[in-house]
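# Structural overview
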Amino acid sequence: MEQSKIISGRAYENVTTTVKLKGKDVKVHALSIGTVAVKRNFKIKNGAGFLSKINILLGKEYTQYLPIWVWVIEHPEGLLVIDTGENAESLDIDKYLAKESFFAKYQFKHACKVKIQPNEELNHQLNKVNLKVDDVKLVILTHLHADHVDGLKFFPKQEILVGNYEFTHPDNCFTTALPSWFNPKKVDFVQNRIEVFNQAYPITQAEDLLYIPTPGHTLGHNSVIFKTDNFDIIFGGDSSYHQDQVIKGEMAGANVDYNKTKQTYKNFLDYATLRKTIYLPTHDENAGERLANKKFLV
Ligand SMILES: [Zn+2]
């Protein structure tokens, strides 16, 4: 892994766009925090049931290096960060996951390869768009996988929000690598809060930012919907690896429940027929470009 430490993870550029919220300009940033190549069978399901999981470990072919996007909203109620990206310490897997089981380390080593340097981490990318870690009011986590939580180290003072089910039933989460102080606010959903998804947790007082259940990748996986004046943005986490997977109904191999993912895909598409929706998964190469050019899911 030594070599990875000197390889840049800056294959994707940060993107900043402006949306309207109650007539006022609000900046939304896509920050690129390292890159990850996953086994092809991790990104695209190969084989039925448990075989698809075995094929992730046995497969030889990797995808190209994919982005790890962190989303930042300069919301009137405070600066919000959705997921936190990777960190460079995680490249030394045996040290970083020292307290995890042999099998957990084996799985990680045989599923993905990460590239990031210390000066490419979230604090530096925030600085590049004239923001500071200390300005962040709230961190929202879609789920607890390493490449979404490894930047938590920057936020010991901030409120962190995660779904109650994801926190109490994490799937493939390296809990021993989480910061010792990690004690997020665990939220449950309120019924009848949004079309199609039905349940949501209102993140902002204005209820223009909603946390919604999008299970499948993990059982407690959630996404964030930002309802702007002219369209909605869904920050989809790992609901899919690419927008095309939702459109084509293609399953990722990395799924805890394929049937739940099927329903989650349907919900995204149904919602996008009701409201103009930009869909932004964490590892989609084109997500930054779709945000900048306001390209909708359907
Ligand atoms: Zn994940």
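For the rest of this paragraph, the subject is the overall build of the protein chain. Looking only at helices and strands, the protein chain has ten helices and 14 strands in total. Against the compact-globule benchmark of 19 Å for 298 residues, the protein chain has a radius of gyration of 18 Å, which places it among compact chains. Expressed as lengths along the three principal axes of its C-alpha atoms, the size of the protein chain is roughly 50 × 40 × 35 Å.

Side chains of nonpolar character tend, in soluble globular proteins, to be buried together. Ranked by size, the top nonpolar core spans 73 residues in total, and within it Val 70, Trp 71, Ile 140 and Leu 280 carry the most contacts. Those residues within four positions of Val 70 in sequence are excluded, and the remaining contacts are Leu 31, Ile 33, Val 81, Ile 82, Asp 83, Thr 84, Gly 85, Leu 122 and Gly 151.

Turning to the sheet that holds strand S14 (residues 277-281), a few remarks are in order. Taken together, the six strands give an open sheet; going across it, the order is S9-S10-S11-S12-S13-S14, and neighbouring strands pair in mixed fashion. In this open sheet, the two edge strands, each paired with only one partner strand, are strand S9 (190-194) and S14. Direction aside, the axes of adjacent strands within the sheet are offset by 40 degrees on average.

For helix H9 (residues 258-274), with 17 residues, the first-to-last C-alpha span of 25 Å sits near the 24 Å given by 1.5 Å per residue. Residues of H9 that are buried include every one of Thr 261, Thr 264, Tyr 265, Asn 267, Phe 268, Tyr 271 and Ala 272, and no others. Axial view of H9: buried residues confined to an arc of 160 degrees, hence all on one face. Away from its buried face, by an angle of more than 90 degrees, H9 presents the exposed residues Asn 259, Thr 273 and Leu 274. Lining the buried residues of H9 we find strand S13 (232-237), helix H8 (243-248) and S14.

Turning next to the environment of Leu 31. Within the fold, Leu 31 resides in strand S2 (residues 24-38). Sequence separation between Leu 31 and Gly 85 is 54 residues, and the spatial gap between their C-alpha atoms is 9.0 Å. When near neighbours in sequence (up to four residues on either side) are disregarded, Leu 31 contacts Asn 14, Trp 69, Val 70, Val 72, Leu 122 and Gln 125.

The phi angle of most residues is negative, glycine excepted, and most peptide bonds adopt the trans form. Here Asn 172, not a glycine, exhibits a phi torsion of approximately 50 degrees, which is positive. For Asn 172, a count of 16 C-beta atoms within 10 Å puts it in the partly exposed group. Notably, Glu 207 is not glycine yet its phi reads approximately 55 degrees, a positive angle. Within the secondary structure, Glu 207 sits in the loop between strand S10 (198-202) and strand S11 (209-213). Looking at Glu 207, the number of C-beta atoms within 10 Å reads 12, which means it is exposed.

Alignment of S9 against S10, held across two bridges, turns out to be antiparallel. By the bridge assignment, Ile 194 is partnered in S10 with Asn 198. The turn linking S9 back onto S10 is made up of three residues, and Val 196 within it adopts a positive phi angle of 65 degrees.

In this section: the confidence of the model for the protein chain. Across the protein chain, the average pLDDT comes to 94, with 98% of residues at 70 or higher. Per-residue pLDDT stays below 50 along residues 1-5; that stretch engages in eight contacts with residues further than four places along the chain or on separate chains.

A few words on the environment of Glu 285. Within the secondary structure layout, Glu 285 lies in the loop between S14 and helix H10 (287-293). Note on Glu 285: 18 C-beta atoms within 10 Å, which makes it partly exposed. Here the alpha-carbon distance between Glu 285 and Leu 66, two residues 219 residues apart in the chain, equals 6.1 Å. Each residue touching Glu 285, except ones within four places of it in the same chain, is listed here: Leu 66 and Pro 67.

Quick notes on the rules
Residues numbered from 1 in each chain as written. Predicted model: local features only at pLDDT ≥ 70, side-chain atom pairs only at ≥ 80, totals over all residues. Helix = DSSP H or I, 4+ residues; strand = E, 2+ residues; numbered from the N terminus. Rg over C-alpha atoms; globule rule 2.2 N^0.38 Å. Core = buried A, V, L, I, M, F, W, Y, C linked by C-beta atoms within 7 Å. Buried ≥ 20, exposed ≤ 12 C-beta atoms within 10 Å, placed from the backbone. Contact = placed C-beta atoms within 7 Å. Pairing = 2+ DSSP bridges. Axes fitted to C-alpha atoms, helices over the stretch in contact; angles between N-to-C directions. Expected span 1.5 Å × (residues − 1). Arc of directions from axis to C-beta. pLDDT = per-residue confidence, 0-100.

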